[in-house]
Amino acid sequence: MKLLPIRAFHRPLLLVTFLFLNCARISAQNTSATPLPDASKASRNADFSAAADEVLAQMSQITGLRLRTPLKKTLRSREEIHSYILRQMNEDKEPAERYASARSAEAFGLLPKGFDFDNFMIELLTEQIAGLYDPKAHEFYIADWIPAEDQRMVMAHELTHALEDQHFQIEAWVKTAKPNDDAELARESVLEGSAMAAMIDYLLAETGRSLIDLPDIDPSLLVGDMGSTPALKKAPPFLKDALIFPYFGGLTFNAALLKDGGWKNLPSVFSKPPVSTQQIMHPELYRSGKIPAVIKLPDFDHLFGSDWTKLEENVMGEFGWKEILKQFLGEDRAKTLAAGWDGDRYVVYEQKNTKRLALVSRLRLSDGEQAARYFGQYSEALEKKYEKRTNLFRRPNFFSFNSTDGPVFLRCMDVECITVEGVNRTVFDSINKAIGWPAAPVAPIDPAVKALGNTTVHVRKSNPSVVAVRPSQAQQSARATR
């Protein structure tokens, strides 16, 4: 599930500086599309170019990465940035892929139903981008409406990306993590976090200090009022978190590594990148070399049939699961529970006619105690996710109920838990069998159903979430003779 840069939405690899990262110095009043009128266009371009060259030299000195080839750099208007975003979105991912990612986020409860994902992202990026580096064109852009006194900080961030690109070919480096979305997000966090760290060193340069001289940094201090702009006011909490994670999570990760030896450690991170957002969130796990388990799911397509389309199959990672849990359990509980993550895999299907979603996830926890804790708290989360529930059934390590979106099942064995949402018991049992688990507990027969007598249960292959209960042949014959 692509997040921003989450994988709940695909974005091109545009290394961008957002307004909220600009130390709250660029206010909402400065977001007019009209360029600043304090000088002619030619004069502004000349001043911009000279400033960029100066900042580029400083960032090269800070990071130890020398400029290998000349860099293209331009001022862009709001309209030009808007057009560029549209073009890059379509070049990077097909609309069907963005649709699949948004629907997958919806299946996990991260986005509201019917959320207009594409238009929202275009509006948000157009509103928020202050500058960007395009590794395809090897070009640095900055918004022409950013005040001249604030442009240099944007440059410090983006020109760090430009230097990294010349040394590490950052677009290819990030894409090497495919098709693991969580690992790809971890690499993007290295990029954004290192650019944040370099930007801070640039701001501290006149004081004679650097990031490694500071106590543990609180990245939230770098944020302005995230709710002060129109698009961010409308953003679901998940999208806000997904937007800032590569910057702030990446900053704390890079700061931890830089404290051990400064910027000379940067090349080693590119040669041995983090493999998960867990390593970004817990730098000590990166240092220790702990890697998550590789979780696999069998091919379930035959269980769903031709009436269903597989939208997406991938890895959520610790960051993704923390966001899922946060939606229903709150920040503190989610953070503690997600820390037990040790690997996952999920798959999302969509019913072609009804657009109904089905979700299968398999999660491994670090030990049995964590799995038991997860079962207890995620069953609570599922009850909050589905407000209308019937036929609740609980047994040790097994929980199920019916919802307006179809049946829901949660089961844990040893250190693993599976969740199956939107399909009937027959499909759930088949999924259990396919992953090698024994049969799950069965709910007692409802007296009202038992009163039907000898019946035959038929699963409608066109829709696994629908079960038809029909009278047996004996019952039909008896009725025919009445």
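Below you will find a few notes about this structure.

So, on to the packing of aromatic side chains. Using the criterion set out here, one finds 19 aromatic pairs in the structure. Ring centres 4.2 Å apart and planes at 25° place the aromatic pair Phe-245 and Phe-319 in the stacked group. Pair noted here: Phe-245 is in helix α9 (residues 237–258) and Phe-319 is in helix α14 (residues 317–329), with a separation of 74 residues, a long-range link. Aromatic ring contacts, followed pair by pair, group Phe-108, Trp-321, Tyr-346, Tyr-374 and Tyr-378 into a single cluster. One cation-aromatic arrangement involves Arg-76 over Tyr-141; the distance from NZ or CZ to the ring centre is 3.9 Å.

At a minimum axis distance of 11 Å, the contact between α9 and α14 shows a crossing angle of 155°. Classified by the angle their axes make, α9 and α14 are roughly antiparallel. The interaxial crossing formed by α9 with α14 has right-handed handedness. Facing α9, whose interface residues are Phe-238, Asp-241, Ala-242 and Phe-245, α14 presents Phe-319, Glu-323, Lys-326 and Gln-327.

Turning our eyes to something else, we now look at the pattern of salt bridges. Applying the stated criterion to the full structure yields 29 salt bridges. A salt bridge links Glu-106 to Arg-103, with the shortest nitrogen-to-oxygen separation between them at 2.8 Å. Here the residue Glu-106 and the residue Arg-103 both occupy positions in helix α3 (residues 95–107), the gap between them amounting to 3 residues, near one helical turn. The same class applies to Glu-106 as to Arg-103, namely buried. A salt bridge links Glu-383 to Arg-394, with the nearest nitrogen and oxygen atoms 2.7 Å apart. Taken together, the residues Glu-383 in helix α16 (residues 368–385) and Arg-394 in strand β8 (residues 389–395) connect sequence positions 11 residues apart. On the accessibility criterion, Glu-383 (19% relative accessible area) is buried. Several salt bridges converge on common partners, so that one network encompasses Asp-241, Lys-322, Glu-323, Lys-326 and Glu-331.

Among the 6 residues that make up strand β11 (residues 416–421), 6 are buried, leaving the element largely enclosed by the rest of the structure. Side chains of β11 alternate between two faces, with Glu-416, Ile-418 and Val-420 and Cys-417, Thr-419 and Glu-421 buried alike. Relative to β11, strand β7 (residues 357–365) runs antiparallel, the two sharing 6 bridges. The residue bridging Ser-361 from the neighbouring strand is Thr-419, located in β11. Note: strand β10 (residues 406–413) against β11, 6 bridges, orientation antiparallel. Bridged to Met-413 within β11 is Glu-416. Hairpin geometry of β10 and β11 is characterised by an intervening segment of 2 residues between the two adjacent antiparallel strands and by a positive phi of about 55° at Asp-414.

The next subject is the state of the cysteines. This structure, assessed with the given rule, holds 1 disulfide. Put simply, Cys-412 and Cys-417 are joined by a disulfide, and their sulfur atoms are 2.0 Å apart. Where Cys-412 bonds to Cys-417 through sulfur, the torsion about that S-S bond is close to 105°, and the disulfide is right-handed. This pair shows no difference in class: Cys-412 is buried, exactly as Cys-417 is.

The rules behind each value
Residues numbered from 1 in each chain as written. Predicted model: local features only at pLDDT ≥ 70, side-chain atom pairs only at ≥ 80, totals over all residues. Heavy atoms only, no water. Phe/Tyr/Trp six-rings, centres within 6.5 Å; stacked < 30°, edge-to-face > 60°. Helix = DSSP H or I, 4+ residues; strand = E, 2+ residues; numbered from the N terminus. Lys NZ or Arg CZ within 6 Å of the ring centre and 35° of its normal. Axes fitted to C-alpha atoms, helices over the stretch in contact; angles between N-to-C directions. Parallel < 35°, antiparallel > 145°, perpendicular 65-115°, else oblique. Left-handed = near helix turned anticlockwise from the far one by under 90°. Contact = heavy atoms within 4.5 Å. Salt bridge = Lys/Arg side-chain N within 4 Å of Asp/Glu carboxyl O. Buried < 20%, exposed > 50% of the residue type's maximum accessible area, 1.4 Å probe, protein only. Pairing = 2+ DSSP bridges. Disulfide = S-S within 2.5 Å.

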